[in-house]
Amino acid sequence: MYFGAKNIAVSYGKTNIIKNLSVEIPRGLTTAIIGKNGSGKTTLLKTLGRLITPDQGHIELDEVPLSAYSNIALAKKLAMLPQSPSTPDNITVMDLVSLGRFPYQKLTMTRLSKQDYDAIRRVMMETNVWDIRTKKVADLSGGQRQRVWITLVLAQDSEIILLDEPTTYLDIIHQMEVLTLLKIFAKKMKKTVVYVLHDLSLVARFADQIIAMKDGDIVANGLTDDIFTESVIKDVFGITVEIGRDSYADTPIIVGVKNV
Ligand SMILES: Nc1ncnc2c1ncn2[C@@H]1O[C@H](COP(=O)(O)OP(=O)(O)OP(=O)(O)O)[C@@H](O)[C@H]1O
């Protein structure tokens, strides 16, 4: 089942950012989009999530152009967490996460069904926010709030999950917990996870695949072991690094960085 971009061009007003980009996103794996600030990572992610309509080409999901899906049909297939989502005033953790179940609710329904409640509870336990379910989201720390938003996206139970910098505001242990959870979700439940991530050590450890972007185009794309190399990092970021092996995870790791 195909998910990807076919010959897309994307502009903001008259400024063209992505010229002619095609990419297939592997299903059931975790893919990280990397690149310098302004290289077009968020633009690509938003286009994959239908938040931006390309000027040319299209995004295809299961042999159907994204534009042909109704909002509800798309929400069952694809969930997106933007960079800084704005939280509705006074909403509790439970109520915010419940919004993730909207594709499964009938218009006439005023209360959560047992099935929705169970799905929400399960995912809230997994992300460790069940104990804070009655708190107001506005009163949480940045890290807790980010975990609640990730929980909402997981509660949507879509096959594809797109996240823009999901580890922002999280300390190292919570960064690792969230990325481990996403990886397990991808593996066990055959979810397709795509995230934009700046921290290269986390990318090397947690992503199965990497898409490396430069100036609105993809310059490298493939398995992490093949893409996370000194030459690709040099090409994409212009820095000289030495790459070794993480003995705990058996993944590539940056062991030295030359001064810039
Ligand atoms: N809403 C917008 N209107 C106009 N230009 C935009 C808009 N959003 C992004 N851009 C421009 O498009 C280019 C790509 O931005 P994008 O946010 O996709 O890059 P990015 O790789 O995600 O960057 P970062 O790592 O800083 O988040 C940048 O030059 C940016 O200034």
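Quick summary incoming for the structure in this document.

Thresholds, definitions, all that
Residues numbered from 1 in each chain as written. Predicted model: local features only at pLDDT ≥ 70, side-chain atom pairs only at ≥ 80, totals over all residues. Heavy atoms only, no water. Pairing = 2+ DSSP bridges. Helix = DSSP H or I, 4+ residues; strand = E, 2+ residues; numbered from the N terminus. Axes fitted to C-alpha atoms, helices over the stretch in contact; angles between N-to-C directions. Contact = heavy atoms within 4.5 Å. Near = heavy atom within 4 Å. Polar contact = N/O pair within 3.5 Å; in protein donor to acceptor, adjacent residues only side chain to side chain. Areas by Shrake-Rupley, 256 points an atom, 1.4 Å probe, with all protein chains shown as cover. Nonpolar A, V, L, I, M, F, W, Y, C, P; charged D, E, K, R; others polar.

1. Re the sheet that holds strand β7 (residues 160-164)
Inference 1: Within the open sheet, the 6 strands sit side by side as β6-β7-β8-β3-β9-β10. Their pairing is mixed. Sheet topology places β6 (78-81) and β10 (217-223) at the edges, where each strand pairs with a single neighbour. Taking each pair of neighbouring strands and ignoring which way they run, the sheet shows an average axis angle of 15°.
Inference 2: Inspection of the sheet shows strand β9 (residues 209-214) paired to β10 by 6 bridges, in the antiparallel sense. If you follow Met 213 over to β10, its bridge partner there is Ile 218.
Inference 3: Running at roughly 170° to β6, helix α5 (residues 142-155) makes contact with β6 and β7 of the sheet.

2. Thoughts on the sheet that holds strand β1 (residues 3-12)
Inference 1: What the 4 strands build is an open sheet, ordered β2-β1-β4-β5; its pairing is antiparallel. The open sheet terminates on both sides in strands that have one partner only, identified here as β2 (15-24) and β5 (64-65).
Inference 2: The strands touched by helix α1 (residues 41-48) are β1, β2 and β4 (56-61); relative to β1, the strand with the most contacts, the crossing angle is about 120°.

3. Remarks on the site of the ligand
Inference 1: Every one of the 13 residues lining the ligand counts as a neighbour, but Asn 37, Gly 38, Lys 41, Thr 42 and Thr 43 are closest to it.
Inference 2: Gly 40 is positioned such that a nitrogen or oxygen atom in its backbone is 3.0 Å from an oxygen atom of the ligand.
Inference 3: Protein burial of the ligand: of its 630 Å² of free accessible surface, 58% is covered by the chains.
Inference 4: Broken down by element, the shell around the ligand gets its largest block of residues, 3 residues, from α1.
Inference 5: Residues belonging to the shell around the ligand are distributed by class as follows: 2 nonpolar, 8 polar and 3 charged.

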